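What follows is the residue order along each chain.
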Amino acid sequence: MEEFATGFLRTAVHADDRGYAWVRRSGADRPAPLTPPSAPVRSAIRSLEPTNPFLALPEVVGDALLYRVPGPVAVAKLCVGSDPRLTPARVASAMASTGRGLRLLHTADPSLATSGPPGPARLAAWMRHGRGPRAATAFHTVVRRRLGTARWSHVEGWCESLASDLADGVFLHGAPSLGSVIAGSGPGSGCLLTGEDVARGPADFDFGWLLGEFTEWRMTLLRGTPGLVMDPRDYQAALGGLCQAYGAPADRVAAGRAAALRIFTHAHDFAAYMGWHSELLEYASSIAELIDEDGAQALPGSLSVL
């Protein structure tokens, strides 16, 4: 068994005769509990992939959500070095399936989701009150000073729009993450953990949210962050698989802003659920640049050259 945890989320990975079980529980400091998808949402998602499903839905087991998946490792593990289970071909295949899966999710009935994405909502609440566990308050002070009033207001406006402008939105995964893309043993055998964060919003939000993680990866690669030794070929395989399958975003501004919000939310989450790190100072400067350009540097074409 492998376990990893933050104050936000605890995960255990078990191997058994049925494959692998990923068991997720709320972390001690999570502001809201893990929420399983409703029966109508489960039915709608399953109907999108009647055979060979890639979108993995959880079972409720006590206080946990359990996902039956075909692999023991998430694509996010690329950031800490090579892993024989994450070959470029498997990574590209899993990310391509993710791109197609997100497009598929967006065709579901949007009325099944009644709120905006949870990440920006969590970020907006913290921006208003500035409180939280560990280093959340300290980071609030640092990043607010670095961003200034105008940028701060821009981000609050983006978050408010995602929370309130739902009428024209599509059904969203809500929080796709490289930590939720599980690589399988062969082409097409991976999966995307789905159902906890379903939302309604701009069609390219999910894609942009994932691009934010690639932007962070690129930042760490170019910075040479100790302990993060990803092979650039793995980075390119993952990014290429996603972008080729998803295609060009229809709304580049929405995708770019989603990427910027992902990085800001991740910085908050690290401070609140892991603790202080000196790189948060660098994140504050990077977030300011992303806000100034509506996240344009996170879009395809800007991320592909290392």
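Residues numbered from 1 in each chain as written. Predicted model: local features only at pLDDT ≥ 70, side-chain atom pairs only at ≥ 80, totals over all residues. Heavy atoms only, no water.

Participant: I'd like to hear about the environment of Leu290, residue by residue, with values.
Facilitator: The residue Leu290 is located in helix H8 (residues 279-292) in this model. For Leu290, a relative accessible area of 1% gives the class buried. When the C-alpha atoms of Leu290 and Ile263 are compared, they prove to be 9.2 Å apart, with 27 residues separating the residues in sequence. With residues up to four places along the chain from it excluded, the contact list for Leu290 reads Ala260, Ile263, Gly295 and Gln297. (Helix = DSSP H or I, 4+ residues; strand = E, 2+ residues; numbered from the N terminus. Buried < 20%, exposed > 50% of the residue type's maximum accessible area, 1.4 Å probe, protein only. Contact = heavy atoms within 4.5 Å.)

Participant: Kindly report on the pairing of strand S3 (residues 19-26), identifying the contributing residues and their values.
Facilitator: As defined by bridge partners, strand S2 (residues 9-16) adjoins S3 across 8 bridges and the pair is classed as antiparallel. Paired with Thr11 across the bridge in S3 is Arg24. What sits between S2 and S3 in their antiparallel hairpin is a turn of 2 residues. Of the strand pairs in this sheet, S3 and strand S6 (residues 64-69) are connected by 5 bridges, and their pairing is antiparallel. Pairing of Trp22 across the sheet is with Tyr67, part of S6. (Pairing = 2+ DSSP bridges.)

Participant: So, the environment of Trp126: which residues are in play, and what are the values?
Facilitator: With respect to the secondary-structure elements, Trp126 resides in helix H3 (residues 118-129). What makes Trp126 buried here is its relative accessible area of 1%. Considering only alpha carbons, one finds Trp126 and Ile182, 56 residues apart in sequence, at a separation of 30 Å. Every residue in contact with Trp126, bar those within four places of it in the chain, is listed here: Arg131, Ala136, Phe139, His140, Val143, Phe264 and His268.

Participant: Account for the sheet that holds strand S4 (residues 55-56), naming residues and giving values.
Facilitator: With respect to topology, 4 strands assemble into an open sheet ordered S4-S10-S9-S7, the strand pairing being mixed. Only two strands of the sheet have a single partner each, and these edge strands are S4 and strand S7 (73-74). Note that S7 and strand S9 (residues 181-183) share 2 bridges and pair antiparallel. Residue pairing for S9: Ala74 is matched across the bridge by Ile182. Along the sheet, helix H2 (residues 88-105) contacts S4, S9 and strand S10 (191-193); its crossing angle with S9, the most-contacted strand, is approximately 140°. (Axes fitted to C-alpha atoms, helices over the stretch in contact; angles between N-to-C directions.)

Participant: Got a sec to walk through helix H5 (residues 205-223)? Specific residues and values, please.
Facilitator: Helix length check: H5 (19 residues) gives 27 Å between terminal C-alpha atoms against 27 Å at 1.5 Å per residue, within 8%. Burial analysis of H5 places 15 of its 19 residues in the buried class, the great majority of the element. (Expected span 1.5 Å × (residues − 1).)

Participant: Could you give me a rundown of unusual backbone geometry, with the residues and numbers involved?
Facilitator: At Arg134, a residue that is not glycine, the phi angle is positive and equals roughly 50°. Among the structural elements, Arg134 can be located in the loop between H3 and helix H4 (136-164).

Participant: Give me the packing of aromatic side chains: which residues, what numbers.
Facilitator: One pass over the structure, following the stated rule, counts 10 aromatic pairs. Where Trp126 meets Phe139, the ring centres are 5.8 Å apart and the plane angle is 10°; that geometry is what we call stacked. Pair noted here: Trp126 is in helix H3 and Phe139 is in helix H4, with a separation of 13 residues, a long-range link. As far as burial versus exposure is concerned, Trp126 and Phe139 are alike and both buried. Note on Trp126 and Trp152: the rings are 6.4 Å apart at their centroids and 50° apart in plane angle, and the pair reads as tilted. Here Trp126 is found in helix H3, whereas its partner Trp152 is found in helix H4, with 26 residues between them in sequence. No difference in accessibility class separates Trp126 from Trp152, as the two residues are buried. Through a chain of ring-to-ring contacts, three or more aromatic side chains come together here, namely Trp126, Phe139, Trp152 and Phe264. For Arg30, the ring lying beneath its charged end belongs to Phe8, and the centroid distance is 4.0 Å. A cation over a ring is seen here: Arg103 above Tyr246, with NZ or CZ 3.8 Å from the ring centre. (Phe/Tyr/Trp six-rings, centres within 6.5 Å; stacked < 30°, edge-to-face > 60°. Lys NZ or Arg CZ within 6 Å of the ring centre and 35° of its normal.)

Participant: With reference to specific residues and values, describe the pairing of strand S1 (residues 2-5).
Facilitator: Examined bridge by bridge, S1 and S2 share 4 bridges and lie antiparallel to one another. Counted as the bridge partner of Glu2 is Val13 from S2. Linking S1 to S2, which pair antiparallel, is a turn of 3 residues.

Function cannot be read off these values alone, since they describe shape.
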